[in-house]
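# Report on the structure
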Amino acid sequence: MNSIISVDKQYVAGTYGRFPVEIVSGNGSIAVDSQGKEYIDMGTGIGVTGMGYSDPQWVKAITDQLNKLQHTSNLYYTEPCAMLAKELCERTGMSKVFFSNSGAEANECAIKVARKYSQDKKGEDCYTIVTLVNSFHGRTLTTLAATGQDHFHKLFNPLTPGFVHVAAEDFDQLVDVVSNTKVAGIMMELVQGEGGVIALSQEYVSKVAKLAEEQDIPLIIDEVQTGNGRTGSLYAFMAYGISPDVVSTAKGLGGGLPIGATIMSAKVESVLGPGDQGSTYGGNPVASAGALNVISRMDDEFLQGVKDRSQYVFDAFNGAKGIKSVTGKGLMIGIETERPAKDIVNECMEMGVLCLTAKTKVRLLPALNIPMDLLAKAVDVIKTVAAKE
Ligand SMILES: *Cc1c(COP(=O)(O)O)cnc(C)c1O
């Protein structure tokens, strides 16, 4: 066995089912393993390296910053943090940002904002956060409580109390909970990622947003996976035409360095005051400089490129042999195949294409700027593998 794999197996906590491959480098949409084998990367580190590997502009942005200042505490101001927050607010029409280091942390902060807003207005017994069945919001004990999938909870109880899960698309169930419980926040992904790449309907999302506004319940949209251009809009909520109170994001924001952001609307921008939240690394100048580079390049032309690539993938798989359905939005795509998704992912890997799974589906999260010839090649391989008897 490859020696790094055996060292990892001996010393790294066994929380991941890893493939027997050691990735050593990458360039654009190509990843290279320790044997020198090249793969077309259709997973981007689970929706992280949206500009591809070693993107020259991103590398320049972070190395320029690294050569100036790698970190200071949040007791002082830094330019990348301030300019990234400005960019995020101006592009989303929102008001303030709290920076952290991951999706789970971005959601923790979002939940704190919703609870503090609601308890201040409606009393300390107003703390319940409603999320959806089949959702995924993170691995901390609170974001696990938010996650509406029981198998993640097993043997970790008791989780943070005050979470209720309702079925997606069942608006009456949500109305029922809101009428019978003091609800401090409603939190959802617009395209459920880990849950199987399922987009919520426009009708349901519009109704939820209207209810939240009427009842003065903060609406949190978890854009950890859907954000940062992934669905063909800068953030997925923008295409749904809603105005959430809080948007959490991470994954693709940093382009490959850890950063999380909790973006707040004018309504909740003053909820968190001095001492209410903090993070030693939050807004780190190197991670922020990389994120600013990523976000500022996502203009209309870039996002149109995501939509065009998306259309190509949907057209290629819809109705193809061995394909039952294609779901998702933009370059966040789930493919239900006749053969088990796991087998397809393994065989694609053999043939030089890295894919992901989500529940029973093959999940694709390629770089947002993947060259069309590589995209076409990867699609052909996946189609060939899926069409086998
Ligand atoms: C990945 C993910 C998270 C958790 O992000 P981490 O950075 O792993 O903590 C939360 N919500 C959604 C929708 C995700 O896809």
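Read on for an overview of the structure. It should be emphasised that the depicted structure is a prediction, and the values quoted were computed from it without experimental measurement.

### Points about the layout of surface pockets
Empty space within the second largest pocket amounts to approximately 790 Å³. In this structure, the second largest pocket is lined by 31 residues; those nearest its centre are Asn74, Cys81, Val97, Phe98 and Phe99. Across the lining of the second largest pocket, the residue classes break down as 14 nonpolar, 14 polar and three charged.

### Looking at the environment of Asn67
On the secondary structure map, Asn67 appears in the loop between α3 (56-66) and α4 (79-92). Between the alpha carbons of Asn67 and Val286 there is a distance of 9.6 Å; along the sequence they are 219 residues apart.

### Points about the site of the ligand
In the vicinity of the ligand, the contacting residues are Ser102, Gly103, Ala104, Asn107, Phe136, His137, Gly138, Glu189, Asp222, Val224, Gln225 and Lys251. Between Phe136 and the ligand, the recorded distance is 3.3 Å, taken from a backbone N or O atom to a nitrogen atom. A distance of 2.8 Å separates a nitrogen atom of the ligand from a polar atom in the side chain of Asp222. When the ligand is considered free in solution it has 380 Å² of accessible area, and contact with the protein chains removes 82% of it. When residues in the shell around the ligand are grouped by element, the largest group, three residues, is from helix α5 (residues 103-122). Taken together, the residues that form the shell around the ligand break down as three nonpolar, six polar and three charged.

### Some details on the sheet that holds strand β15 (residues 353-354)
Taking strand neighbours across the sheet as the criterion, the four strands line up as β1-β2-β3-β15 in an open arrangement whose pairing is mixed. Of all the strands in the sheet, just β1 (23-27) and β15 have a single pairing partner and so form its edges. Pairing of strand β2 (residues 30-33) with strand β3 (residues 38-41), which is carried by three bridges, proceeds in the antiparallel orientation. Along β3, the bridge assignment pairs Val32 with Glu38.

### A look at the pattern of salt bridges
Counted according to the given criterion, the structure contains 15 salt bridges. When the shortest N-O distance is used, the salt bridge between Glu87 and Arg91 registers 3.0 Å. With Glu87 and Arg91 both in helix α4 and four residues apart, the pair spans about one turn of that helix. Among the residues examined, Arg91 registers a relative accessible area of 26% and is labelled partly exposed. One network of salt bridges, in which partners are shared, links Lys121, Asp216 and Lys267.

Rules of the game
- Residues numbered from 1 in each chain as written.
- Predicted model: local features only at pLDDT ≥ 70, side-chain atom pairs only at ≥ 80, totals over all residues.
- Heavy atoms only, no water.
- 1 Å grid on protein atoms, 1.4 Å probe; cavity = no way out; pocket = protein on both sides within 12 Å on 5 of 7 lines; lining within 4 Å.
- Points joined across faces, edges and corners; volume = space filled by probe spheres on them.
- Nonpolar A, V, L, I, M, F, W, Y, C, P; charged D, E, K, R; others polar.
- Helix = DSSP H or I, 4+ residues; strand = E, 2+ residues; numbered from the N terminus.
- Near = heavy atom within 4 Å.
- Polar contact = N/O pair within 3.5 Å; in protein donor to acceptor, adjacent residues only side chain to side chain.
- Areas by Shrake-Rupley, 256 points an atom, 1.4 Å probe, with all protein chains shown as cover.
- Pairing = 2+ DSSP bridges.
- Salt bridge = Lys/Arg side-chain N within 4 Å of Asp/Glu carboxyl O.
- Buried < 20%, exposed > 50% of the residue type's maximum accessible area, 1.4 Å probe, protein only.

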